[in-house]
Amino acid sequence: MKQNIFYTGATPNQQSEPAIDWLLRYKGDTFFLVGSDYVFPRTSNEISRGQLKALGGTVVGERYIALGDQANSTVGPIVQEIISKCPDGCIIMNTLNGDSNVRFFHMFYDAGLRADKYPIMSLSITETEISVIGVKYLVGHYAAWNFFQAIKDNYPIPNGFDPAPAKEFVSKYRDLYGQGLRQKTSLWLANRANKCWL
């Protein structure tokens, strides 16, 4: 790490590594990695491959698509490769971002794949994306992120998690921009980053 640099976003040791640990413990040890083609997904998946190798997991496939690509001709072959390489099911580690998630989840669902045999762990889906993708396409799947608006309703944990900052942030945001709006991790992180300077 560099001095005088603040990392305010999700880092693999706070996001993908705990997710992999949980998945190995509760869901299985066979993984297919899919992501958008840029630095974070490739780096996160490289770390995940190393972690899986060290902990006895297996990566049976890894595919990337251009950021925002929604073409059936791009996403469809990935879904078919998952079916081919994981006929009995596997865990999909999803580092897709943006509109690619919409097409991926829709094609995944339309191919008859469900979370009981093919659980997806997504690293870039929050409550905001759920409304765009559609709840029925996401039932039973998982997400790992450093902020979910719903945490504002959690109970505090002594010497641990305190929902008060989330409650305050959501309340102020809704007062400014409307009660029906959902917040994303990026908004929360920008807010946290600004507080570093105060």
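Quick look at the structure, then. Treat the numbers as computed from the prediction; the structure is a model and nothing was measured. (Residues numbered from 1 in each chain as written. Predicted model: local features only at pLDDT ≥ 70, side-chain atom pairs only at ≥ 80, totals over all residues. Heavy atoms only, no water.)

Structural notes on the packing of aromatic side chains
What describes a pair of aromatic rings is the distance from one ring centre to the other and the angle between the planes of the rings.
Part 1 of the reasoning: Following the criterion strictly, the structure yields 6 aromatic pairs and no others.
Part 2 of the reasoning: Ring geometry for F108 and Y118: centres 6.3 Å apart, planes at 85 degrees, overall edge-to-face. Taken together, the residues span a long stretch of sequence, with F108 in helix α4 (residues 100-110) and Y118 in the loop between α4 and β4 (120-122) at a distance of 10 residues.
Part 3 of the reasoning: On the accessibility criterion, F108 (1% relative accessible area) is buried.
Part 4 of the reasoning: Taken together, F104, F105, F108 and Y118 form an aromatic cluster joined through their ring pairs.
Part 5 of the reasoning: In this structure, R42 is placed above the aromatic ring of Y64, and the distance from its NZ or CZ to the ring centre is 3.9 Å.
Part 6 of the reasoning: A cation sits over an aromatic face here: R114 above Y109, 3.7 Å from the ring centre. (Phe/Tyr/Trp six-rings, centres within 6.5 Å; stacked < 30°, edge-to-face > 60°. Helix = DSSP H or I, 4+ residues; strand = E, 2+ residues; numbered from the N terminus. Buried < 20%, exposed > 50% of the residue type's maximum accessible area, 1.4 Å probe, protein only. Lys NZ or Arg CZ within 6 Å of the ring centre and 35° of its normal.)

Notes on the nonpolar core
Part 1 of the reasoning: Formed by 22 residues in total, the largest nonpolar core has its most connected members in I82, I92, F104, F105 and F108.
Part 2 of the reasoning: Of all the secondary-structure elements, those providing two or more residues to this core are β1 (30-36), α3 (72-85), α4 and α6 (135-138).
Part 3 of the reasoning: When neighbours within four sequence positions are excluded, F108 is seen to be in contact with V79, I82, I92, L113, Y118, I120 and H141.
Part 4 of the reasoning: Judged by nonpolar contacts, the second largest core, of 11 residues, contains F31, M93, L123 and A144. (Core = buried A, V, L, I, M, F, W, Y, C linked by side-chain atoms within 4.5 Å. Contact = heavy atoms within 4.5 Å.)

Quick look at the pattern of salt bridges
Part 1 of the reasoning: By the definition in use, this model includes 4 salt bridges.
Part 2 of the reasoning: Residue R42 is joined to D37 by a salt bridge in which the shortest nitrogen-to-oxygen separation is 2.7 Å.
Part 3 of the reasoning: For R49, the salt bridge is made with E62, and the minimal N-O distance between the two is 2.7 Å. Of this pair, R49 sits in helix α2 (residues 39-55) while E62 sits in strand β2 (residues 58-65), placing them 13 residues apart in sequence.
Part 4 of the reasoning: Take R49: its relative accessible area is 31%, and that puts it in the partly exposed class.
Part 5 of the reasoning: Look at E62 and you get partly exposed, because its relative accessible area is 26%.
Part 6 of the reasoning: A single network of salt bridges, built from pairs that share partners, joins R63, E81 and K85. (Salt bridge = Lys/Arg side-chain N within 4 Å of Asp/Glu carboxyl O.)

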